[in-house]
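Each chain, written out:
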Amino acid sequence: MATNKFFKSLLFTLTIAISSFGFCVENSFAYPVFAQQGYSNPRAANGKLACANCHLNQKAIEIEAPQGVLPNSVFEVEIKVPYDVNRQQIGADGKPADLNVGGILILPKGFKLASKAQISPEVKAKNKGVFISPYSTEFDNILIVGPIAGKTHQELIFPVVAPDPDKNQDVK
């Protein structure tokens, strides 16, 4: 009981300290590229993603992906980010702004982002204005997107190409 009370008071003190510090901070400029530059691997040894170092919110998501795919075939992984579109965040200019969404998709080794030539016109139309890129040249199986406008992008579609075991012996 005493430890519970201690943690509550500690949490309260930290909340006040962080809140008062927040009033002293000037405009903030944050982009996923900073995480890419700061962390060679987006997943720490304990499983925590680099995004969690700056973003404190967690949101339940839905992922739709095929159960099985043929070698060297292109398929879609769809991530739905449901949230209340009436909620707002503090924008870079300090004024209320619509929420942004983004994400990291970690695929098994060998899977990677499909090239522009492999993506169907239908998927290109769905992803208009969305820039998806590999996290790094070393981790081409990790895809990153965002921040993008959340009101118009509550569904993120990642076009992925499956590995070909005949060409890549590391894939089993």
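The shown structure was predicted, so the numbers you read here are calculated from the model rather than taken from an experiment.

### Some details on the sheet that holds strand β6 (residues 112-113)
Okay, step 1: With antiparallel pairing, the four strands of this open sheet are ordered in space as β1-β2-β9-β6. At either margin of the open sheet sits one strand with a lone partner, and together these are β1 (62-64) and β6.
Okay, step 2: Bridge count for strand β2 (residues 74-80) against strand β9 (residues 155-161) is seven bridges, and the pairing is antiparallel. Paired with Val77 across the strands is Phe158, a residue of β9.

### Here we look at the layout of surface pockets
Okay, step 1: By volume, the second largest pocket amounts to about 300 Å³.
Okay, step 2: Forming the boundary of the second largest pocket are 16 residues, of which Gly110, Phe111, Pro163, Asn168 and Val171 lie nearest the centre.
Okay, step 3: For the lining of the second largest pocket, the residue count by class is five nonpolar, four polar and seven charged.

### A closer look at the pattern of salt bridges
Okay, step 1: This structure, assessed with the given rule, holds four salt bridges.
Okay, step 2: With a shortest N-O distance of 3.1 Å, Lys80 and Glu64 are connected by a salt bridge. In this pair, Lys80 sits in strand β2 while Glu64 sits in strand β1, placing the two residues 16 residues apart along the sequence.
Okay, step 3: Between Lys126 and Glu76 there is a salt bridge; the shortest N-O distance is 4.0 Å. Here the residue Lys126 occupies a position in helix α3 (residues 121-126), and Glu76 occupies one in strand β2, the gap between them amounting to 50 residues.
Okay, step 4: Exposure remark for Glu76: the relative accessible area of 28% places this residue in the partly exposed category.
Okay, step 5: Residues joined in a network through salt bridges with shared partners are Glu76, Glu122 and Lys126.

### Structural notes on unusual backbone geometry
Okay, step 1: A cis amide bond links Gly146 with the next residue in sequence, Pro147, at an omega value of 5°.
Okay, step 2: Take Pro147: it is sitting in strand β8 (residues 142-149).
Okay, step 3: If you check the backbone angles, Asn72 has positive phi at about 60° while not being a glycine.
Okay, step 4: Within the element layout of this structure, Asn72 appears in the loop between β1 and β2.

Rules used in this analysis
- Residues numbered from 1 in each chain as written.
- Predicted model: local features only at pLDDT ≥ 70, side-chain atom pairs only at ≥ 80, totals over all residues.
- Heavy atoms only, no water.
- Pairing = 2+ DSSP bridges.
- Helix = DSSP H or I, 4+ residues; strand = E, 2+ residues; numbered from the N terminus.
- 1 Å grid on protein atoms, 1.4 Å probe; cavity = no way out; pocket = protein on both sides within 12 Å on 5 of 7 lines; lining within 4 Å.
- Points joined across faces, edges and corners; volume = space filled by probe spheres on them.
- Nonpolar A, V, L, I, M, F, W, Y, C, P; charged D, E, K, R; others polar.
- Salt bridge = Lys/Arg side-chain N within 4 Å of Asp/Glu carboxyl O.
- Buried < 20%, exposed > 50% of the residue type's maximum accessible area, 1.4 Å probe, protein only.

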